[in-house]
Structure formats: C-alpha cells, structure tokens
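# Structural features, examined
As a plain string of letters, each chain reads:
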Amino acid sequence: GTLVRDVAVNGRMVAAISPTLYSTASSTVTLKVKAGDMVKKGDIVAELESPDLTSLLKREQANYDQLEAEVARQKILARKQKLIARRDADQAEIERITAARTYERFEKAGPSGVISKIDYMRAQDALKTAEIRAKHAEAATGLENEDVDLNLKTKSAQLEQQRLVRDDAKRKVDELKLKAPVDGMVGTLSVANRSVVAANTALMTLVDLSQLEVELEIPETYVADLGLGMTAEITINGVTTKGKLSALSPEVVKNQVLARVRFEGTQPSGLRQSQRVSARLLIEEKPNVLM
C-alpha cells in the first residue's frame, strides 16, 4: 500500500492582509466605525482634528497667492521694461537715420562750396555719434530683455516651490481623514472616540476577509521535515480542503513553530478571523510499500 507520513496539528484563521492605521499628526480622533463593522476600500473610518496643520495650510495658501500676484505683476513689469528698451533703441535708430540724411545732404553739397568744411565735418561726427548710440541702444535692449526674463524666471521658480509646499500641507490635511485601504472588517480599535493622540499612534486594525490564511502550531520535533510548498489538508466545519505551506517561522515559542498555509484555488466561504481549525501536514508519501 501507500505509506503516508503526516502530522496532525491545530491552527486558526488569520488575515493575510491586516493593515494597521496610524495617526499622521498630534490630533483629536473621531471614530466613524465600531469594531466588527464592514468597510469598503476608500471609506472614511476616522477623522483627525489638528489645528496646527489646518493653520499651516492657510499660511502656505496665503503665501502662494501672494507669490502668484507678484509673478503676474512681474510679467507686466517685464513687458513694460521691454517696451521702454525697444523705444530707446528705436529713438536712437531714428536719430541715426536723421544724421545719415543730413550727412548725405552735406556730402552732396560739399564739393560745390555751398557749406563750410566745419559744418561738413560736424555732420560727419554727428553721424558717427548717432551710429554708436544706435548700436549701444540695440545691445542694451537685448540685455534688458534677458534681465527681465531672468527676474520673471526667478519669481516663477519661487511660485513653483511655494506650490509644492502648499500641496504638501494640503496632503497632510487630507490625510487627517483616514480611509480604509482594503475591503474588510474593522478588527481592533486601539483608541477611544474623541481621544487625543500623538503622531504615529496606532488607531485600529482592518482585516481583509477575502484573503485569509491558516496559522498552524507545529511541534518543533517535526520542523526538520517541513518545507515550503508542502501539501496540507485543512478541516473547517467538517469540510476538508487543501492548501500549501507558504511560510515557516524561524522562531520556536513554547516548543512550537508557527507556519502559514495558503488555500489552493478558491477560498472556502463562511470563514471568520481567529476561527479554530484542524489540519494534517503530508510530510511524505511512499507508494507500493510493504506495511
């Protein structure tokens, strides 16, 4: 026949996913659920009241609005300064054209002796002066444009930095409304309603009933024969289902080792957290053995 080497143990149902919700800041807790209530993912299970975070958000929002107004004003000033610089450059160019026309007129009349040589040279100097002024005015216009663009870029960077600070404060305020991360049941409430808690205080534990595992208590004498992936037969309410050994604790407590068994296929219905079950671990099977 087939020689089966197994071990019968007891265990209980535990949640594979059992997140704990913590307070994000020093605040007053208002619980929206009770132990044993069923919740959906995204449901608000508790609200925290933190005047410090609320005031921080208002201050950062006010700073953001102020910087936003400064950026808008800087854009207007940038356009204004660019127009003034362009006006000066255009005025210098007009003066250059006027000086060029005057010099051209003197140059045509010069050989005929109508004008003196001094007036002719004065017109020539005026043309050179106007050309230099127009050249420098055009260069100054380019520098002025770069300067106003840099100032506007600096103000915009400050506005973006303040936006990040404001969004971070808004995120902290939004986190004051604690939402369920999974579908499941409220397990343990660690604080009372309307109690004042410090930051990072455990508030409650949620149990995801859709993903339950079996926690077995195995005598340490069998630990050397156990291995991950080993088949287990679990008996729940008179019904036997199969599973696989998925985890094995490295610690021995009271001559026992805790192991986790995951169901194969569909999880049986009607399971409850901490429900007691019995199981049989199939350590070895040898077919066609003389017994």
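This write-up is about the structure you can find in this document.

Reading the values: the criteria
- Residues numbered from 1 in each chain as written.
- Predicted model: local features only at pLDDT ≥ 70, side-chain atom pairs only at ≥ 80, totals over all residues.
- Heavy atoms only, no water.
- Phe/Tyr/Trp six-rings, centres within 6.5 Å; stacked < 30°, edge-to-face > 60°.
- Lys NZ or Arg CZ within 6 Å of the ring centre and 35° of its normal.
- Helix = DSSP H or I, 4+ residues; strand = E, 2+ residues; numbered from the N terminus.
- Contact = heavy atoms within 4.5 Å.
- Buried < 20%, exposed > 50% of the residue type's maximum accessible area, 1.4 Å probe, protein only.
- Polar contact = N/O pair within 3.5 Å; in protein donor to acceptor, adjacent residues only side chain to side chain.
- Salt bridge = Lys/Arg side-chain N within 4 Å of Asp/Glu carboxyl O.

On to the packing of aromatic side chains. Within the structure shown, the criterion is met by zero aromatic pairs. Over the ring of Tyr64 we find Arg166, and its NZ or CZ is 4.3 Å from the ring centre.

Attention now goes to the side chain of Thr28. Mapped onto the fold, Thr28 is located in strand S3 (residues 27-31). Excluding residues that lie within four positions of it along the chain, Thr28 makes contacts with Glu47, Leu48, Glu49, Arg194, Ser195 and Val196.

This part covers unusual backbone geometry. Although it is not a glycine, Asn200 sits at a positive phi angle of roughly 65 degrees. Inspection of the secondary structure puts Asn200 in the loop between strand S8 (196-197) and strand S9 (202-207). Backbone geometry at Asn288 places phi at a positive 55 degrees, although glycine is not the residue there.

This part is about the side chain of Ser27. Tracing the backbone shows Ser27 in strand S3. By relative accessible area, which is 4% here, Ser27 ends up buried. Within polar-contact distance, the side chain of Ser27 engages the backbone oxygen of Ala25 at 3.1 Å.

Turning to the pattern of salt bridges, a few remarks are in order. Across all of its chains, the model carries 25 salt bridges by this definition. Taking the shortest distance from any N to any O, the salt bridge between Arg12 and Glu215 comes out at 3.2 Å. With Arg12 in strand S1 (residues 3-15) and Glu215 in strand S10 (residues 212-219), this pair connects stretches of sequence that are 203 residues apart. According to the relative accessible area criterion, Arg12 is partly exposed, its value standing at 27%. With a closest N to O distance of 3.0 Å, Arg166 and Asp167 form a salt bridge. The exposure class of Arg166 is buried, given its relative accessible area of 16%. Here Asp167 falls in the partly exposed class, since its relative accessible area comes to 26%. One salt-bridge network, held together by shared partners, links Arg12, Glu213, Glu215, Arg260 and Arg262.

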